[in-house]
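Analysis of the macromolecular model
Chain by chain, the residues:
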Amino acid sequence: MPLGREVPASIRGLVERFGVQIVRCSPVASTDERTRRRRLHFGDYLFPVSVLVVHKGRFVIVRYADNPPPGGWTVPGGYTEPGETIEAAAHREVKEECGLVMDLERPLGVVATEVTSPTEGTLDYYLTVFRAHSLGGELEPEDREEIDQVRLASFEEILQLSADGHFPSINPNLDAAIVEFLRRAASARFPR
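Calculation rules
Residues numbered from 1 in each chain as written. Predicted model: local features only at pLDDT ≥ 70, side-chain atom pairs only at ≥ 80, totals over all residues. Heavy atoms only, no water. Helix = DSSP H or I, 4+ residues; strand = E, 2+ residues; numbered from the N terminus. Rg over C-alpha atoms; globule rule 2.2 N^0.38 Å. Buried < 20%, exposed > 50% of the residue type's maximum accessible area, 1.4 Å probe, protein only. Pairing = 2+ DSSP bridges.

It is worth spelling out the overall build of the chain at this point. Of the regular secondary structure elements, the chain holds five helices and 10 strands. Radius of gyration (C-alpha) of the chain: 16 Å, near the 16 Å computed for a compact globule of 192 residues. In terms of overall dimensions, the chain has C-alpha extents of about 45 × 35 × 30 Å along its principal axes. Classification of the 192 residues of the chain by burial places 49% in the buried group.

What follows is the structure, given as structure tokens:
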């Protein structure tokens, strides 16, 4: 686990409740300024979420307006705000990024790593990947400054985007783990 510390209670609870796997990946480099801002807002632990949402039989993917580079697609997600549960963050991020209300299913797993910077130290990072199916809403981002496009894609289309280097475009150290969780979600049956 990151820094050899004990797994935080929120993550330990998910692992115990659902029997999910924690996948360790290589550290993610960051700038001092970004690490400083994140530490001031979130503390020493980052709890992002990614949600593999099935809508009308296909996966929802989004493209960030300015980061990662244009053409980079990913699944809806973001950071858990201080005092917010991981599940609540998943619901909020999906609503903000693609306009859908969803039924959040069990987590597929947790990706554990560290965010490192040259002089600002290290932040522990625990990305929880959920699967979900939509209950309704309009497939439209609520915040166009953050998300410039949302669309549906089959698992095969996502694999092609991945092969072309356009998915999930979060960080090379995290992308492979997210694609593996997507493989697991693609093999699960989802109600329509």
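Let's shift gears to the pairing of strand β8 (residues 100–117). Within β8, 14 of the 18 residues are buried, leaving the element largely enclosed by the surrounding structure. In the sheet, strand β1 (residues 21–24) pairs with β8 via four bridges, with the strands oriented parallel. Residue pairing across strands places Val-23 opposite Val-111, the latter belonging to β8. Relative to strand β9 (residues 121–137), β8 runs antiparallel, the two sharing 15 bridges. Counterpart to Ser-117 in the pairing with β9 is Gly-121.

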